[in-house]
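For reference, the chains in residue letters:
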Amino acid sequence: MSPDLNGRLLGRTAVVTGSTSGIGAGIARALAAEGAHVLVTGRDEERGAKVVAEIEAAGGRADFVAADLGLGAEAIRALAARVGELLGGAPDVLVNNAAQLIPATRTQDTDEATVASALAVSVAAPFLLTRELVPGMVARGSGAVVNIGSINGLVGMAGAALYSATKAAVHALTKAWAAEFGPAGVRVNTVAPGPTRTEWNERHRDLLAGMVAGIPARRLSTVEEVAAAVVFLASDEASNIHGATLPVDGGFTTV
Ligand SMILES: NC(=O)c1ccc[n+]([C@@H]2O[C@H](COP(=O)([O-])OP(=O)(O)OC[C@H]3O[C@@H](n4cnc5c(N)ncnc54)[C@H](OP(=O)(O)O)[C@@H]3O)[C@@H](O)[C@H]2O)c1
């Protein structure tokens, strides 16, 4: 093992959706740094290849599979089939991170196409991918699913109704799946980030204006802080944690 690797997930395999940028890329890097063989996925091949190269440069192991999660069940079955080929079966860890981020929009200004694609990418896709991959975990008797929710799944904010609905759905999936798969040894939990320092947020600073003042920590989360929570929930350190929501939000939803 490379001296750069820590080893909490040595010998394990992981799939991280939406890992070509932002939080997902950070999660992929962090899981790989713990020794997991990570499957990086998203639509953008160039950014996917860059994340794989970063992981390999740090001594880790990763592969990239291009997939558009907005294209429905057929595309998701194809992704699941590639996961099986590249990782040798169902992954030990599935991180449902990809989501359609939506700039602040009033409900009356939200068009049907955005409603349909947000529900497809952020709710139907994690449901369908989990449907494809969890049976292998159940058959093996072990596995960890970490869903990436949001503070928007926990509190209401004007201009964020559609995004909040998708994230609340993710939180609900965690609880239902924890009940459904827990008896078979598969743990399902949520990490709920607060506003996090990502490229997207750099481009939408207006969304965050005023919000930081209401965060007890008075700052954004970092990608690394969110990824550390995911690694914990994916690891054996969280071996009896099922159906939990772990906020990484500087206390915004908890204080
Ligand atoms: N950033 C925050 O402040 C924040 C706060 C709370 C929760 N979150 C949650 O954290 C997660 C990651 O957000 P982020 O801020 O890191 O966003 P991001 O930088 O925009 O990354 C989104 C990822 O999802 C992928 N993706 C989007 N649409 C896709 C599609 N149709 N098919 C396949 N992949 C798709 C993108 O890959 P491609 O472009 O390559 O397709 C990208 O890798 C999301 O679940 C988000 O709701 C973020």
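As a reminder, the structure under discussion sits directly above these lines.
Below or above, wherever it landed, is the structure these notes cover. None of the values given here were measured: they were computed from a predicted structure. (Residues numbered from 1 in each chain as written. Predicted model: local features only at pLDDT ≥ 70, side-chain atom pairs only at ≥ 80, totals over all residues. Heavy atoms only, no water.)

### Examining the overall build of the protein chain
Here is step 1 of the chain: For the protein chain, the helix and strand inventory stands at eight helices and seven strands.
Here is step 2 of the chain: Taking 18 Å as the expected radius of gyration for a compact globule of 255 residues, we find that the protein chain reaches 17 Å, a close match to that expectation.
Here is step 3 of the chain: Structurally, the protein chain occupies a C-alpha span of about 45 × 40 × 40 Å along its principal axes.
Here is step 4 of the chain: Considering only contacts within the protein chain whose residues lie at least 6 apart along the sequence, 72% involve residues at least 24 apart.
Here is step 5 of the chain: Carbon and sulfur atoms make up 55% of the accessible area of the protein chain, which amounts to about 11,300 Å² in all. (Helix = DSSP H or I, 4+ residues; strand = E, 2+ residues; numbered from the N terminus. Rg over C-alpha atoms; globule rule 2.2 N^0.38 Å. Contact = heavy atoms within 4.5 Å. Areas by Shrake-Rupley, 256 points an atom, 1.4 Å probe, with all protein chains shown as cover.)

### Quick notes on the pairing of strand β2 (residues 37–42)
Here is step 1 of the chain: Among the six residues in β2, six count as buried, and that is most of the element.
Here is step 2 of the chain: Because side chains alternate across β2, one face comprises the buried residues His 37, Leu 39 and Thr 41, and the other comprises Val 38, Val 40 and Gly 42, equally buried.
Here is step 3 of the chain: Taken together, the four bridges between strand β1 (residues 13–16) and β2 define a ladder with parallel strand orientation. Looking at the pairing, Val 15 lines up with Leu 39 of β2.
Here is step 4 of the chain: The parallel pair β1 and β2 is bridged by helix α1 (residues 22–33), and the resulting crossover is right-handed. (Buried < 20%, exposed > 50% of the residue type's maximum accessible area, 1.4 Å probe, protein only. Pairing = 2+ DSSP bridges. Right-handed = clockwise from strand over helix to strand, strands pointing away.)

### Looking at the environment of Thr 196
Here is step 1 of the chain: Summarising the element assignment, Thr 196 is placed in the loop between β6 (186–193) and α6 (199–203).
Here is step 2 of the chain: Linking Thr 196 and Gly 59, residues 137 residues apart in sequence, is a C-alpha distance of 27 Å.
Here is step 3 of the chain: In contact with Thr 196, not counting residues within four places along its chain, are Ile 23, Asn 201, Leu 220, Ser 221, Thr 222, Val 223 and Val 226.
Here is step 4 of the chain: Within the structure, the side chain of Thr 196 is placed 2.7 Å from the backbone oxygen of Gly 194, a separation counted as a polar contact. (Polar contact = N/O pair within 3.5 Å; in protein donor to acceptor, adjacent residues only side chain to side chain.)

### Remarks on the site of the ligand
Here is step 1 of the chain: What surrounds the ligand is a group of 30 residues, the closest being Thr 20, Ile 23, Arg 43, Asn 97 and Tyr 163.
Here is step 2 of the chain: At a separation of 2.5 Å, an oxygen atom of the ligand approaches a polar side-chain atom of Tyr 163.
Here is step 3 of the chain: Alone, the ligand offers 880 Å² of accessible surface; in the complex the protein occludes 92% of this.
Here is step 4 of the chain: Of all the elements in the fold, those that place two or more residues in the shell around the ligand are α1 and α5 (161–181).
Here is step 5 of the chain: Grouping the constituent residues of the shell around the ligand by class yields 11 nonpolar, 14 polar and five charged. (Near = heavy atom within 4 Å. Nonpolar A, V, L, I, M, F, W, Y, C, P; charged D, E, K, R; others polar.)

### Here's the deal with the packing of aromatic side chains
Here is step 1 of the chain: Under the criterion given, the structure shown has two aromatic pairs.
Here is step 2 of the chain: For the ring pair Phe 127 and Trp 177, a centre distance of 6.0 Å and an interplane angle of 35 degrees mean the geometry is tilted. Of this pair, Phe 127 sits in helix α4 (residues 112–140) while Trp 177 sits in helix α5; the two residues are 50 residues apart in sequence, bridging distant segments of the chain.
Here is step 3 of the chain: For Trp 177, a relative accessible area of 5% puts it in the buried group.
Here is step 4 of the chain: Connected via pairs of aromatic rings, a cluster forms that spans Phe 127, Trp 177 and Phe 181. (Phe/Tyr/Trp six-rings, centres within 6.5 Å; stacked < 30°, edge-to-face > 60°.)

### Section: the nonpolar core
Here is step 1 of the chain: Counting residues in hydrophobic clusters, the biggest one holds 32 residues, and the most contacted among them are Ile 27, Leu 31, Val 38, Val 40, Val 95, Val 146 and Val 191.
Here is step 2 of the chain: Considering each element in turn, this core owes the most residues, eight residues, to helix α8 (residues 223–234).
Here is step 3 of the chain: Discounting chain neighbours no more than four positions away, the residues touching Ile 27 are Val 16, Val 95, Asn 97, Ile 148, Ala 227 and Val 230.
Here is step 4 of the chain: Membership of the second largest hydrophobic core comes to 26 residues, among which are Val 65, Ala 67, Ala 90 and Ala 98. (Core = buried A, V, L, I, M, F, W, Y, C linked by side-chain atoms within 4.5 Å.)

### A closer look at the sheet that holds strand β4 (residues 93–96)
Here is step 1 of the chain: The parallel open sheet is built from seven strands, whose spatial order is β3-β2-β1-β4-β5-β6-β7. The sheet terminates laterally at β3 (61–66) and β7 (245–248), the two strands that pair on one side only. On average, adjacent strands in this sheet sit at an angle of 20 degrees to one another, irrespective of strand direction.
Here is step 2 of the chain: In this sheet, β6 lies alongside strand β5 (residues 143–148) in parallel orientation, the contact comprising six bridges. (Axes fitted to C-alpha atoms, helices over the stretch in contact; angles between N-to-C directions.)

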